[in-house]
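As a plain string of letters, each chain reads:
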Amino acid sequence: MKSESVSGHDVAQSVRYRTGRDLGDCVRMLAEVHEGDGYPMNWPVRPDAWLTPPSMVAAWVVELDGRIAGHIGLSRSDAQDAAPGLWSARAGVGVDETAVISRLFVAPSARGKRLGALLMAQAVAEARGRGLHPVLDVVAAGTSAAALYERLGWQLLATVEQQWGPDQRVSVRCYAAAT
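Because the structure is predicted, anything quoted here is derived from the model rather than measured.

**Student:** For this particular structure, what's the right way to read the nonpolar core?
**Tutor:** As a rule of thumb, soluble globular proteins bury nonpolar side chains together. Formed by 40 residues in total, the largest nonpolar core has its most connected members in Leu 51, Ile 72, Ile 101, Met 120, Leu 136, Tyr 149 and Trp 154. Elements that contribute at least two residues to this core include exactly helix H1 (23-37), strand S3 (56-64), strand S4 (67-75), strand S5 (98-106), helix H4 (115-129), strand S6 (133-139) and helix H5 (143-151). With eight residues, H4 is the single largest residue contributor to this core. Once you skip the residues sitting within four places of it in the chain, Leu 51 turns out to touch Arg 18, Leu 23, Cys 26, Val 27, Leu 30, Met 56, His 71, Arg 103 and Phe 105.

Quick look at the structure:
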């Protein structure tokens, strides 16, 4: 467990693998994030299933003083992800050599404590440990998320348009971790 001083207070932080028992807390926290920030853009019919897509290879939660305060996942590339193809073309490697960071969110009450950066570091380390290059897609309107990625040194690959449904076109910023 890591301990860090935040705003003059000692705050116990730890990142651990997410378990099935964590899903209820994660769904409740995701609902708070959706209400306040609009993430995810489209509320999923089954948020628990959205947090556990078939392509996911690992997921973590961060605890703050013993309570779940954030979540992140690492997945294999899937047809809806634009960043893996962009990175692969740029690096001259196959898409199977990438790992997609996704489902990152931090409880509104726990922000400003570098928990997002802590979760990102965990997912990046796991991807690199598997010999994969981490990439991600983020809705272009997600300016605070993009600011975090850029602060962490991620490279913007491109902004692309994606069709998310018959009546929904979305601009997505595609990033790759620094080499």
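**Student:** Looking at this model, I keep getting lost on the environment of Trp 87. Mind explaining?
**Tutor:** Structurally, the position occupied by Trp 87 is in helix H3 (residues 83-91). In this structure Trp 87 comes out as buried when scored by relative accessible area, which is 8%. Beyond its immediate stretch of four places on either side in the chain, Trp 87 contacts Val 93, Thr 98, His 133, Val 135, Gln 155, Leu 157, Ala 176 and Thr 179.

**Student:** So what exactly am I meant to see when it comes to the confidence of the model for the protein chain here?
**Tutor:** Atomic detail in the predicted coordinates should be set aside for any region of low pLDDT. For the protein chain, per-residue confidence averages 92 on the pLDDT scale, and residues scoring 70 or more make up 94% of the total. The secondary-structure element of the protein chain with the lowest mean pLDDT is strand S1 (residues 2-6), recorded at 38, while H4 shows the highest, at 98. In this model residues 1-9 is a low-confidence stretch, pLDDT under 50, and it forms 19 contacts with partners more than four residues away in sequence or in other chains.

**Student:** Would you mind showing me how to read the packing of aromatic side chains here?
**Tutor:** Tallying each qualifying case throughout the model produces four aromatic pairs. Measuring from centroid to centroid gives 6.3 Å for Tyr 149 and Trp 154, while their planes differ by 45°, and the two rings are tilted. Note on accessibility: Tyr 149 and Trp 154 belong to one class, buried. Note that Arg 103 overlies the ring of Trp 50, its terminal NZ or CZ placed 4.0 Å from the centroid.

**Student:** What's the story with the side chain of Arg 18 in this structure? I'm lost.
**Tutor:** Mapped onto the secondary structure, Arg 18 falls in the loop between strand S2 (9-17) and H1. Of the polar contacts made by the side chain of Arg 18, one reaches the backbone oxygen of Leu 51; its length is 2.8 Å.

Definitions and limits used
- Residues numbered from 1 in each chain as written.
- Predicted model: local features only at pLDDT ≥ 70, side-chain atom pairs only at ≥ 80, totals over all residues.
- Heavy atoms only, no water.
- Core = buried A, V, L, I, M, F, W, Y, C linked by side-chain atoms within 4.5 Å.
- Buried < 20%, exposed > 50% of the residue type's maximum accessible area, 1.4 Å probe, protein only.
- Helix = DSSP H or I, 4+ residues; strand = E, 2+ residues; numbered from the N terminus.
- Contact = heavy atoms within 4.5 Å.
- pLDDT = per-residue confidence, 0-100.
- Phe/Tyr/Trp six-rings, centres within 6.5 Å; stacked < 30°, edge-to-face > 60°.
- Lys NZ or Arg CZ within 6 Å of the ring centre and 35° of its normal.
- Polar contact = N/O pair within 3.5 Å; in protein donor to acceptor, adjacent residues only side chain to side chain.

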